[in-house]
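The primary structure of each chain is shown beneath.
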Amino acid sequence: TVTDFSPSNSSTSVSENSLVTVTFSENMDNTSLNSNTFIVRANTKVEGTISYDKSTKKAIFSPHSPMASLMLHTAELKPHLIRDESGNPLKIIFAPRWTFTTRDSIAPKVLTTSPRDNETSVGLDAQISVSFSEAMDNQTLTSSTSGTSCSGSLRVSSDGFSNCIQMSATPVSS
């Protein structure tokens, strides 16, 4: 039977470089632990290597490259194909599938700005916009006009300004 697995079911903010492990109650036939019996996927199968440590009775999935950022991943065992050293199939005490979500470690990128960088002859009443590669936390967007003669307002939207997002009441200068 399975006695433990990692990351734990429904865990969040899991590192993209994490190993996915399963601990068994007895020694397993390591040839029955392979990419067809121990599967990790996010929209598609995650490529990796499966090893077995007999001293800890632990199967270890090592992804070939970091798992996708901010994605729900599913780890699954095929118990009818996994066997112990005596050839007995793995007993199912729990659903042989669990999920975890990787953290968001990819920094957002500025996709477009208007006016463009170094653009000249920009009207005094021109709207200034910045588009990012992902949704932004409005509490982390700040504006600062301290020490200048500038004034104005800042609007934040995630849908082309059909709806605006409320920013913090007192932007922080940076």
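Just above, that's the structure.
One numbering rule holds for all chains: residues counted from 1, following each sequence as written. Given that this is a predicted model, residues contribute local features only at a pLDDT of at least 70 and side-chain atom pairs are listed and counted only at 80 or more, while totals for whole chains, interfaces and linings are drawn from all residues. As a rule here, side-chain values cover all heavy atoms of the structure and leave hydrogens and water aside.

Caption draft 1: Spotlight on the sheet that holds strand β7 (residues 72–77). With mixed pairing, the four strands of this open sheet are ordered in space as β2-β8-β7-β4. For this open sheet the edge positions go to β2 (11–14) and β4 (38–41), each flanked by a neighbour on one side alone. The sheet shows a mean angle of 25° between the axes of neighbouring strands, direction not considered. Sheet analysis places β4 next to β7, joined by four bridges and oriented antiparallel. Residue Ile 39 lies in a different strand from β7, and its bridge partner there is Glu 76. Think of it this way: DSSP has to see at least two bridges between two strands before they count as a pair. Numbering of helices and strands starts at the N terminus; helices are DSSP runs of H or I of at least 4 residues and strands are runs of E of at least 2. To get an axis, fit a line to the C-alpha atoms, keeping to the stretch in contact for a helix; angles then go from 0 to 180 degrees between the N-to-C directions.

Caption draft 2: Layout of the pairing of strand β5 (residues 48–53). For every residue, the accessible area obtained with a 1.4 Å probe (protein chains only) is divided by the maximum for its type, and the residue is called buried under 20%, exposed over 50%, and partly exposed between those limits. Going residue by residue along β5, you find Gly 48, Ile 50 and Tyr 52 tucked away on one face and Thr 49, Ser 51 and Asp 53 left uncovered on the opposite face. Two elements, β5 and strand β6 (residues 58–63), share six bridges in a ladder whose sense is antiparallel. Residue pairing for β6: Thr 49 is matched across the bridge by Ser 62.

Caption draft 3: The arrangement of the pairing of β7 in detail. Burial analysis of β7 places five of its six residues in the buried class, the great majority of the element. As paired strands, β7 and strand β8 (residues 97–102) are joined by five bridges and run antiparallel to one another. Note that in β8 the partner of Thr 74 across the bridge is Thr 99.

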